[in-house]
Amino acid sequence: VLDRSDAVELPVKFVPHSAGCYHCQILLKSSHDVRVYEIECVVNTDHAEAQLQFVTPAYQALVQDIPISNMSRRDWTLEAILEGQGFYGPPTINVGLGETALYPLTFNPIAEC
């Protein structure tokens, strides 16, 4: 067990110049130990912020497919946490590397609101 007083902070500054997948290895050596840390950063071109507005009669479901693009070098398994009454969707979604998957967000109001 590592005592917090033995921990050493290693600040890393990352300033990407363009979108892409950036890989880095950090090699730490001492007379008793050698450690390699691998870091991967994925930088997208857009600032993703969206707003959805659903209009449907009460008791009638409406589905909006939300595109999720994976520009990294690994497959993604994403967990969805939905908040708000009447919203439903799969708890997880898989997005293969270089692919775009659609997340089906469903709104099914149980009353007029």
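Quick caveat, the model's predicted, so the values are computed rather than measured.

Novice: Got a minute to help me understand a nonpolar patch on the surface in this structure?
Specialist: Nonpolar side chains collect at one region of the surface, where Leu10, Val12, Leu28, Tyr37 and Ile39 lie side by side and expose about 440 Å² of accessible area between them. Position of Ile39 relative to the elements: it lies in strand E2 (residues 34-43). Residue class for Ile39 comes out partly exposed when judged on its relative accessible area of 32%.

Novice: I'm lost on the environment of Pro109 in this one. Help?
Specialist: Mapped onto the fold, Pro109 is located in the segment after strand E7 (100-107). Spatially, the C-alpha atoms of Pro109 and Thr56 are 8.1 Å apart, while their sequence positions differ by 53 residues. In contact with Pro109, other than residues within four places in its own chain, are Thr56, Pro57, Ala58, Tyr59 and Gln60.

Novice: I keep staring at the sheet that holds E7 and nothing clicks. Help me out?
Specialist: Neighbouring strands of a sheet are bound in pairs by backbone hydrogen bonds; such pairs are parallel or else antiparallel. If you walk across this open sheet you meet the three strands as E3-E7-E5, and the pairing is antiparallel. Pairing within the sheet leaves two strands with one partner each, and these edge strands are strand E3 (62-69) and strand E5 (87-88). Where E3 lies against E7, eight bridges are found, and the strand directions are antiparallel. Across the sheet, Ile66 pairs through a bridge with Tyr103, a residue of E7.

The rules behind these values
- Residues numbered from 1 in each chain as written.
- Predicted model: local features only at pLDDT ≥ 70, side-chain atom pairs only at ≥ 80, totals over all residues.
- Heavy atoms only, no water.
- Patch = residues over 30% accessible without salt bridge, like charges linked within 9 Å, V, L, I, M, F, W, Y side chains within 5 Å.
- Areas by Shrake-Rupley, 256 points an atom, 1.4 Å probe, with all protein chains shown as cover.
- Salt bridge = Lys/Arg side-chain N within 4 Å of Asp/Glu carboxyl O.
- Helix = DSSP H or I, 4+ residues; strand = E, 2+ residues; numbered from the N terminus.
- Buried < 20%, exposed > 50% of the residue type's maximum accessible area, 1.4 Å probe, protein only.
- Contact = heavy atoms within 4.5 Å.
- Pairing = 2+ DSSP bridges.

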